[in-house]
Amino acid sequence: MANPFPRMLTKIDDLSIVHIEELCRTAFEFKQNAGAPIQFLNPPRFMTCLFLENSTRTKLSFERAAHSIGLTPIQFNPSTSSLNKGEELEETLFTLSQQGIEICIIRSSENEYWKHFSKDLKIKVINGGDGTNEHPSQALLDLMTLMECTENLEGKSLTIFGDSAHSRVAHSLVKLLRMIGLQIKLCGPLELVDMELISDNVIHTDNFDEGLESDFLYFLRVQGERLSVDQAEQSFQMMNNYGLSLERYEKLFHRPPVLHPGPVNLGVEIHKDFLRKKFKHPAGQMIHRQVENSIYMRMAILSAMLHRG
Ligand code: CP
(Lines give C-alpha, C1' and ligand atoms only; values in the text may rest on other atoms or scores of the structure.)
Protein backbone atom coordinates (compact mmCIF):
# COMPACT_ATOMS: atom_id res chain seq x y z
CA MET A 1 0.00 0.00 0.00
CA ALA A 2 1.22 3.52 -0.81
CA ASN A 3 0.21 4.85 2.61
CA PRO A 4 0.77 2.58 5.61
CA PHE A 5 -2.37 1.13 7.13
CA PRO A 6 -3.48 3.26 10.12
CA ARG A 7 -2.47 2.11 13.63
CA MET A 8 -5.90 3.26 14.76
CA LEU A 9 -8.86 2.48 12.51
CA THR A 10 -11.53 4.54 14.22
CA LYS A 11 -13.46 5.96 11.28
CA ILE A 12 -13.82 5.64 7.51
CA ASP A 13 -11.82 8.84 6.96
CA ASP A 14 -8.75 7.02 8.36
CA LEU A 15 -8.70 5.00 5.13
CA SER A 16 -7.74 6.01 1.59
CA ILE A 17 -9.47 4.55 -1.44
CA VAL A 18 -6.31 2.43 -1.97
CA HIS A 19 -6.67 0.95 1.55
CA ILE A 20 -10.33 0.18 0.86
CA GLU A 21 -9.62 -1.52 -2.48
CA GLU A 22 -6.81 -3.53 -0.89
CA LEU A 23 -9.03 -4.60 2.04
CA CYS A 24 -11.76 -5.76 -0.36
CA ARG A 25 -9.28 -7.63 -2.55
CA THR A 26 -7.78 -9.39 0.50
CA ALA A 27 -11.21 -10.18 1.97
CA PHE A 28 -12.31 -11.84 -1.29
CA GLU A 29 -9.06 -13.81 -1.40
CA PHE A 30 -9.69 -15.05 2.16
CA LYS A 31 -13.21 -16.02 1.14
CA GLN A 32 -11.95 -17.95 -1.89
CA ASN A 33 -9.48 -19.82 0.32
CA ALA A 34 -11.94 -20.48 3.15
CA GLY A 35 -11.13 -23.76 4.87
CA ALA A 36 -7.39 -23.57 4.16
CA PRO A 37 -5.28 -24.85 7.08
CA ILE A 38 -4.55 -22.21 9.70
CA GLN A 39 -0.92 -21.11 9.99
CA PHE A 40 -0.54 -20.19 13.65
CA LEU A 41 1.83 -17.25 14.03
CA ASN A 42 5.14 -18.17 15.61
CA PRO A 43 6.05 -16.43 17.83
CA PRO A 44 2.39 -15.98 18.75
CA ARG A 45 0.70 -12.60 18.40
CA PHE A 46 -2.35 -11.54 20.37
CA MET A 47 -5.53 -9.48 20.04
CA THR A 48 -8.48 -8.81 22.32
CA CYS A 49 -11.99 -7.37 22.16
CA LEU A 50 -12.73 -4.77 24.82
CA PHE A 51 -16.48 -4.36 24.45
CA LEU A 52 -18.24 -1.96 26.80
CA GLU A 53 -21.52 -2.50 24.96
CA ASN A 54 -23.25 -5.71 23.94
CA SER A 55 -22.40 -7.45 20.69
CA THR A 56 -22.82 -10.80 18.97
CA ARG A 57 -21.70 -10.18 15.39
CA THR A 58 -18.78 -7.79 15.74
CA LYS A 59 -17.09 -9.36 18.75
CA LEU A 60 -17.38 -12.99 17.68
CA SER A 61 -16.48 -12.32 14.07
CA PHE A 62 -13.32 -10.43 15.06
CA GLU A 63 -12.36 -13.33 17.35
CA ARG A 64 -13.16 -15.88 14.67
CA ALA A 65 -11.27 -13.80 12.06
CA ALA A 66 -8.24 -13.53 14.36
CA HIS A 67 -8.20 -17.28 14.86
CA SER A 68 -8.44 -17.86 11.10
CA ILE A 69 -5.28 -15.82 10.41
CA GLY A 70 -3.33 -17.45 13.24
CA LEU A 71 -3.65 -14.52 15.64
CA THR A 72 -4.54 -15.54 19.19
CA PRO A 73 -7.65 -13.93 20.70
CA ILE A 74 -7.45 -13.24 24.45
CA GLN A 75 -10.75 -12.95 26.31
CA PHE A 76 -11.35 -9.64 28.07
CA ASN A 77 -14.47 -9.14 30.17
CA PRO A 78 -14.91 -5.46 31.12
CA SER A 79 -17.36 -6.23 33.93
CA THR A 80 -14.79 -8.36 35.79
CA SER A 81 -11.82 -6.17 34.82
CA SER A 82 -10.22 -3.27 36.67
CA LEU A 83 -12.25 -0.90 34.49
CA ASN A 84 -14.95 -1.82 36.96
CA LYS A 85 -12.71 -0.52 39.76
CA GLY A 86 -12.39 2.84 38.04
CA GLU A 87 -9.30 2.29 35.88
CA GLU A 88 -9.33 4.61 32.85
CA LEU A 89 -9.71 3.05 29.40
CA GLU A 90 -6.38 4.50 28.25
CA GLU A 91 -4.57 3.04 31.29
CA THR A 92 -6.14 -0.34 30.59
CA LEU A 93 -4.82 -0.14 27.02
CA PHE A 94 -1.27 0.63 28.28
CA THR A 95 -1.62 -2.43 30.53
CA LEU A 96 -2.81 -4.69 27.68
CA SER A 97 0.07 -3.45 25.54
CA GLN A 98 2.59 -4.32 28.27
CA GLN A 99 1.03 -7.80 28.36
CA GLY A 100 1.94 -8.22 24.69
CA ILE A 101 -1.48 -7.65 23.18
CA GLU A 102 -0.99 -6.02 19.82
CA ILE A 103 -4.51 -5.18 18.62
CA CYS A 104 -7.56 -4.18 20.63
CA ILE A 105 -11.05 -3.90 19.17
CA ILE A 106 -13.05 -1.45 21.27
CA ARG A 107 -16.77 -0.83 21.47
CA SER A 108 -18.05 1.98 23.65
CA SER A 109 -21.21 4.05 24.08
CA GLU A 110 -18.99 7.17 24.12
CA ASN A 111 -18.53 8.94 20.78
CA GLU A 112 -14.84 9.30 19.85
CA TYR A 113 -13.62 7.60 23.05
CA TRP A 114 -10.12 7.62 21.48
CA LYS A 115 -9.95 11.40 21.13
CA HIS A 116 -7.71 11.97 24.14
CA PHE A 117 -5.59 8.82 23.88
CA SER A 118 -1.88 9.47 24.36
CA LYS A 119 0.38 9.37 21.28
CA ASP A 120 2.62 6.99 23.32
CA LEU A 121 -0.02 4.25 23.17
CA LYS A 122 1.55 1.37 21.21
CA ILE A 123 -1.47 -0.94 21.02
CA LYS A 124 -3.30 -0.82 17.68
CA VAL A 125 -6.99 0.04 17.96
CA ILE A 126 -9.93 -0.88 15.76
CA ASN A 127 -13.20 0.86 16.52
CA GLY A 128 -15.92 -1.77 16.94
CA GLY A 129 -18.54 0.98 17.26
CA ASP A 130 -18.55 4.23 19.25
CA GLY A 131 -21.90 5.58 20.41
CA THR A 132 -23.77 7.15 17.52
CA ASN A 133 -20.59 8.02 15.66
CA GLU A 134 -18.99 5.27 13.50
CA HIS A 135 -18.67 1.52 12.93
CA PRO A 136 -16.12 1.32 10.10
CA SER A 137 -15.65 -2.46 9.89
CA GLN A 138 -19.43 -2.91 9.48
CA ALA A 139 -19.45 -0.50 6.54
CA LEU A 140 -16.50 -2.33 4.95
CA LEU A 141 -18.18 -5.73 5.19
CA ASP A 142 -21.35 -4.17 3.79
CA LEU A 143 -19.34 -2.87 0.85
CA MET A 144 -17.93 -6.36 0.28
CA THR A 145 -21.49 -7.74 0.27
CA LEU A 146 -22.69 -5.08 -2.20
CA MET A 147 -19.72 -5.90 -4.46
CA GLU A 148 -20.91 -9.51 -4.58
CA CYS A 149 -24.30 -8.36 -5.86
CA THR A 150 -23.09 -6.42 -8.89
CA GLU A 151 -19.94 -5.93 -10.92
CA ASN A 152 -19.75 -2.15 -10.80
CA LEU A 153 -21.21 -0.16 -7.92
CA GLU A 154 -20.42 3.28 -9.30
CA GLY A 155 -23.63 5.17 -10.03
CA LYS A 156 -25.83 2.57 -8.32
CA SER A 157 -28.35 3.74 -5.74
CA LEU A 158 -28.89 2.59 -2.16
CA THR A 159 -31.55 3.64 0.32
CA ILE A 160 -30.88 3.61 4.05
CA PHE A 161 -34.19 3.30 5.88
CA GLY A 162 -34.71 4.38 9.46
CA ASP A 163 -32.89 6.04 12.29
CA SER A 164 -29.74 7.42 10.65
CA ALA A 165 -29.55 10.12 13.36
CA HIS A 166 -28.50 7.61 16.02
CA SER A 167 -26.83 5.03 13.78
CA ARG A 168 -23.04 4.64 13.77
CA VAL A 169 -23.50 2.14 10.95
CA ALA A 170 -25.21 4.76 8.77
CA HIS A 171 -22.52 7.34 9.46
CA SER A 172 -19.71 5.00 8.35
CA LEU A 173 -21.69 3.56 5.45
CA VAL A 174 -22.61 6.92 3.94
CA LYS A 175 -18.98 8.09 4.08
CA LEU A 176 -17.71 4.86 2.54
CA LEU A 177 -20.31 4.55 -0.22
CA ARG A 178 -19.84 8.19 -1.22
CA MET A 179 -16.15 7.39 -1.80
CA ILE A 180 -17.20 4.50 -4.06
CA GLY A 181 -19.62 6.70 -6.03
CA LEU A 182 -23.06 5.43 -4.98
CA GLN A 183 -26.16 7.62 -4.90
CA ILE A 184 -27.69 7.44 -1.42
CA LYS A 185 -31.19 8.14 -0.12
CA LEU A 186 -31.94 8.45 3.58
CA CYS A 187 -35.55 7.38 3.97
CA GLY A 188 -37.53 8.04 7.12
CA PRO A 189 -39.32 10.67 9.14
CA LEU A 190 -37.33 13.91 9.42
CA GLU A 191 -36.96 13.44 13.20
CA LEU A 192 -34.90 10.26 12.68
CA VAL A 193 -32.73 11.42 9.78
CA ASP A 194 -29.27 12.92 10.23
CA MET A 195 -29.55 15.92 7.93
CA GLU A 196 -25.82 16.60 8.31
CA LEU A 197 -25.26 13.60 6.03
CA ILE A 198 -27.12 15.28 3.16
CA SER A 199 -24.80 16.31 0.31
CA ASP A 200 -24.56 16.33 -3.49
CA ASN A 201 -25.09 12.55 -3.68
CA VAL A 202 -27.03 11.97 -0.44
CA ILE A 203 -30.70 13.01 -0.41
CA HIS A 204 -33.56 12.64 2.05
CA THR A 205 -37.04 11.33 1.36
CA ASP A 206 -39.82 10.61 3.80
CA ASN A 207 -41.69 8.70 1.08
CA PHE A 208 -41.31 4.95 1.62
CA ASP A 209 -42.25 4.03 -1.97
CA GLU A 210 -39.61 6.41 -3.29
CA GLY A 211 -37.07 4.82 -0.96
CA LEU A 212 -37.89 1.39 -2.37
CA GLU A 213 -36.94 2.42 -5.92
CA SER A 214 -33.17 2.03 -5.31
CA ASP A 215 -30.82 -0.74 -6.46
CA PHE A 216 -30.15 -1.74 -2.83
CA LEU A 217 -32.25 -1.42 0.33
CA TYR A 218 -30.47 -1.09 3.68
CA PHE A 219 -32.58 -1.18 6.83
CA LEU A 220 -31.43 0.14 10.21
CA ARG A 221 -32.54 -0.87 13.67
CA VAL A 222 -34.29 1.62 15.96
CA GLN A 223 -31.50 2.31 18.48
CA GLY A 224 -33.68 1.70 21.54
CA GLU A 225 -30.70 1.61 23.91
CA ARG A 226 -29.70 5.20 23.01
CA LEU A 227 -33.18 6.66 23.52
CA SER A 228 -35.40 7.36 26.51
CA VAL A 229 -38.38 5.03 26.87
CA ASP A 230 -40.68 7.72 25.41
CA GLN A 231 -38.33 8.48 22.50
CA ALA A 232 -37.96 4.77 21.73
CA GLU A 233 -41.73 4.29 21.71
CA GLN A 234 -42.15 7.28 19.37
CA SER A 235 -39.40 5.99 17.09
CA PHE A 236 -40.97 2.55 16.87
CA GLN A 237 -44.32 4.19 16.04
CA MET A 238 -42.78 6.41 13.36
CA MET A 239 -41.00 3.41 11.84
CA ASN A 240 -44.30 1.51 11.52
CA ASN A 241 -44.73 3.18 8.12
CA TYR A 242 -41.21 2.26 6.98
CA GLY A 243 -41.08 -1.49 7.61
CA LEU A 244 -40.75 -3.91 4.68
CA SER A 245 -43.38 -6.62 4.60
CA LEU A 246 -43.02 -9.69 2.42
CA GLU A 247 -46.10 -8.63 0.47
CA ARG A 248 -44.67 -5.18 -0.27
CA TYR A 249 -41.33 -6.67 -1.31
CA GLU A 250 -43.00 -9.09 -3.69
CA LYS A 251 -44.78 -6.19 -5.40
CA LEU A 252 -41.43 -4.63 -6.27
CA PHE A 253 -40.61 -5.29 -9.92
CA HIS A 254 -36.83 -5.23 -9.40
CA ARG A 255 -36.76 -7.16 -6.03
CA PRO A 256 -33.49 -5.54 -4.90
CA PRO A 257 -31.03 -7.01 -2.40
CA VAL A 258 -32.01 -6.19 1.18
CA LEU A 259 -29.32 -5.56 3.79
CA HIS A 260 -29.43 -4.96 7.54
CA PRO A 261 -26.44 -4.79 9.93
CA GLY A 262 -28.31 -6.72 12.61
CA PRO A 263 -29.61 -7.35 15.11
CA VAL A 264 -33.01 -7.03 13.42
CA ASN A 265 -36.13 -5.95 15.27
CA LEU A 266 -38.16 -8.65 13.52
CA GLY A 267 -41.48 -7.36 12.24
CA VAL A 268 -40.40 -3.73 12.69
CA GLU A 269 -37.79 -3.04 10.00
CA ILE A 270 -38.43 -6.18 7.97
CA HIS A 271 -40.69 -9.18 8.10
CA LYS A 272 -39.39 -12.23 9.95
CA ASP A 273 -39.63 -14.39 6.80
CA PHE A 274 -36.76 -12.44 5.23
CA LEU A 275 -34.44 -14.22 7.67
CA ARG A 276 -35.94 -17.69 7.39
CA LYS A 277 -35.25 -20.54 4.97
CA LYS A 278 -38.72 -20.33 3.50
CA PHE A 279 -37.88 -16.86 2.09
CA LYS A 280 -38.58 -17.23 -1.63
CA HIS A 281 -36.16 -14.65 -3.01
CA PRO A 282 -32.65 -15.62 -1.84
CA ALA A 283 -30.98 -13.06 -4.13
CA GLY A 284 -32.87 -10.37 -2.26
CA GLN A 285 -31.73 -11.35 1.20
CA MET A 286 -28.15 -10.36 1.95
CA ILE A 287 -28.43 -10.22 5.73
CA HIS A 288 -26.90 -13.62 6.42
CA ARG A 289 -24.33 -12.97 3.69
CA GLN A 290 -23.29 -9.82 5.59
CA VAL A 291 -22.63 -11.99 8.66
CA GLU A 292 -20.66 -14.50 6.57
CA ASN A 293 -18.60 -11.76 4.91
CA SER A 294 -17.86 -10.14 8.26
CA ILE A 295 -15.34 -12.91 8.96
CA TYR A 296 -13.41 -12.32 5.72
CA MET A 297 -13.45 -8.54 5.89
CA ARG A 298 -12.31 -8.62 9.52
CA MET A 299 -9.56 -11.09 8.59
CA ALA A 300 -8.43 -8.54 6.00
CA ILE A 301 -8.52 -5.66 8.50
CA LEU A 302 -6.59 -7.62 11.15
CA SER A 303 -4.01 -8.76 8.56
CA ALA A 304 -3.47 -5.19 7.38
CA MET A 305 -2.98 -4.12 11.01
CA LEU A 306 -0.49 -6.96 11.63
CA HIS A 307 1.54 -6.04 8.57
CA ARG A 308 1.56 -2.42 9.72
CA GLY A 309 4.29 -3.46 12.19
N1 CP B 1 -23.95 -5.16 13.44
C2 CP B 1 -23.45 -5.21 14.70
O3 CP B 1 -22.62 -4.38 15.11
O4 CP B 1 -23.95 -6.24 15.45
P5 CP B 1 -23.54 -6.58 16.95
O6 CP B 1 -24.07 -5.47 17.82
O7 CP B 1 -24.20 -7.91 17.23
O8 CP B 1 -22.04 -6.64 17.03
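Please read all numbers here as calculations on a predicted model, not as lab measurements. Counting of residues starts from 1 at the beginning of each chain's written sequence and follows it residue by residue. Per-residue local features of the predicted model are confined to residues with pLDDT of at least 70, and side-chain atom pairs are confined, for both listing and counting, to 80 or more; whole-chain, interface and lining totals are unaffected and use all residues. As a rule here, side-chain values cover all heavy atoms of the structure and leave hydrogens and water aside.

Undergrad: Which parts of the structure should I look at to understand the nonpolar core?
TA: For soluble globular proteins, nonpolar side chains are generally found buried alongside one another. Among the buried residues, those of types Ala, Val, Leu, Ile, Met, Phe, Trp, Tyr and Cys that are joined through side-chain atoms within 4.5 Å form a nonpolar core. Only protein chains enter the accessibility calculation, which uses a 1.4 Å probe; a residue is then buried when its area is under 20% of its type maximum, exposed when over 50%, and partly exposed in between. Core analysis: the biggest nonpolar cluster contains 55 residues, and L23, I103, I105, I160, M297 and L302 have the highest contact counts within it. The helix count covers DSSP runs of H or I at least four residues long, the strand count covers runs of E at least two residues long, and both are numbered beginning at the N terminus. In terms of residue count, helix α9 (residues 287–307) provides more of this core than any other element does, 10 residues in total. The contact criterion used throughout is that any non-hydrogen atoms of two residues lie within 4.5 Å. In contact with M297, other than residues within four places in its own chain, are L23, C24, A27, S137, L140, L141 and M144. Formed by 23 residues, the second largest nonpolar core is a distinct cluster that contains L217, A232, L252 and F274.

Undergrad: Before we go on, may I ask you to explain the packing of aromatic side chains in this structure?
TA: Each aromatic ring pair is characterised by the separation of its centres together with the angle its planes make. Stacked, tilted and edge-to-face pairs are distinguished by plane angle, under 30 degrees for stacked and over 60 for edge-to-face with tilted covering the rest, among Phe, Tyr and Trp rings (Trp via its six-membered ring) whose centres lie within 6.5 Å. Across all of its chains, the model carries 6 aromatic pairs by this definition. Ring geometry for F161 versus F208: centroids 5.4 Å apart, planes at 65°, classification edge-to-face. Here the residue F161 occupies a position in strand β6 (residues 157–161), and F208 occupies one in helix α6 (residues 208–211), the gap between them amounting to 47 residues. The two residues F161 and F208 agree in class, both being buried. A ring pair is formed by F161 and F219, whose centres lie 4.4 Å apart and whose planes are at 5°; its orientation type is stacked. Of the two residues, F161 sits in strand β6 while F219 sits in strand β9 (residues 216–219), which places them 58 residues apart along the sequence. These aromatic residues form a ring-pair network of at least three members: F161, F208, F219 and Y242.

Undergrad: Is there a simple way to explain the site of the ligand in this structure?
TA: To be near a molecule or strand, a residue needs just one of its heavy atoms within 4 Å of it. The environment of the ligand is made up of S55, T56, R57, T58, R107, H135, Q138, P261 and G262. For this analysis, a polar contact is any N or O atom pair within 3.5 Å, provided that within protein one partner can donate a hydrogen and the other can accept it, and provided that sequence-adjacent residues contribute only side-chain to side-chain pairs. Separating an oxygen atom of the ligand from a backbone N or O atom of T56 is a distance of 2.9 Å. One of the side-chain N or O atoms of H135 is found 3.0 Å from an oxygen atom in the ligand. Computed on the free molecule, the ligand has an accessible area of 260 Å², of which 91% lies beneath the protein chains in the complex. Here the Shrake-Rupley method, with its probe set to 1.4 Å, supplies the accessible areas, and only the displayed protein chains count as covering residues.

Undergrad: Honestly, the environment of E21 in this entry has me stumped. Any pointers?
TA: Topologically, E21 is positioned in helix α1 (residues 17–32). Under the relative-accessibility criterion, E21 is labelled exposed at 53%. Residues E21 and I180 lie 159 residues apart in sequence; the distance between their C-alpha atoms is 9.8 Å.

Undergrad: It is not clear to me how the pattern of salt bridges should be interpreted in this structure. Could you clarify?
TA: When charged atoms on two side chains of opposite charge get close, those side chains can pair. Here, a salt bridge means any Lys or Arg side-chain nitrogen found within 4 Å of an Asp or Glu carboxyl oxygen. Enumeration according to the criterion identifies 16 salt bridges in this entry. The partner of E22 in a salt bridge is R25, with the nearest N and O atoms 2.6 Å apart. Pair noted here: E22 and R25 are both in helix α1, with a separation of 3 residues, about one helical turn. Residues K115 and E112 are paired through a salt bridge, measuring 3.6 Å at the closest nitrogen-oxygen approach. A cluster of three or more residues bridged by salt bridges with shared partners is formed by K31, E148, R289 and E292.

Undergrad: Teacher, can you tell me more about the side chain of H19 here?
TA: Inspection of the secondary structure assignment puts H19 in helix α1. Its relative accessible area of 4% is what places H19 among the buried residues.

Undergrad: Help me understand the state of the cysteines in this model?
TA: When the sulfur atoms of two cysteines share a covalent bond, that bond is a disulfide. Two cysteine sulfurs form what is called a disulfide whenever their separation falls within 2.5 Å. Tallied over the entire structure, the rule returns 0 disulfides. For C149, which is in no disulfide, the shortest distance to another cysteine sulfur is to C24 and amounts to 13 Å. Judged by its relative accessible area of 29%, C149 falls in the partly exposed class. C187 takes part in no disulfide bond, and the closest cysteine sulfur, belonging to C149, lies 20 Å away. By relative accessible area, C187 is classed as buried at 0%.

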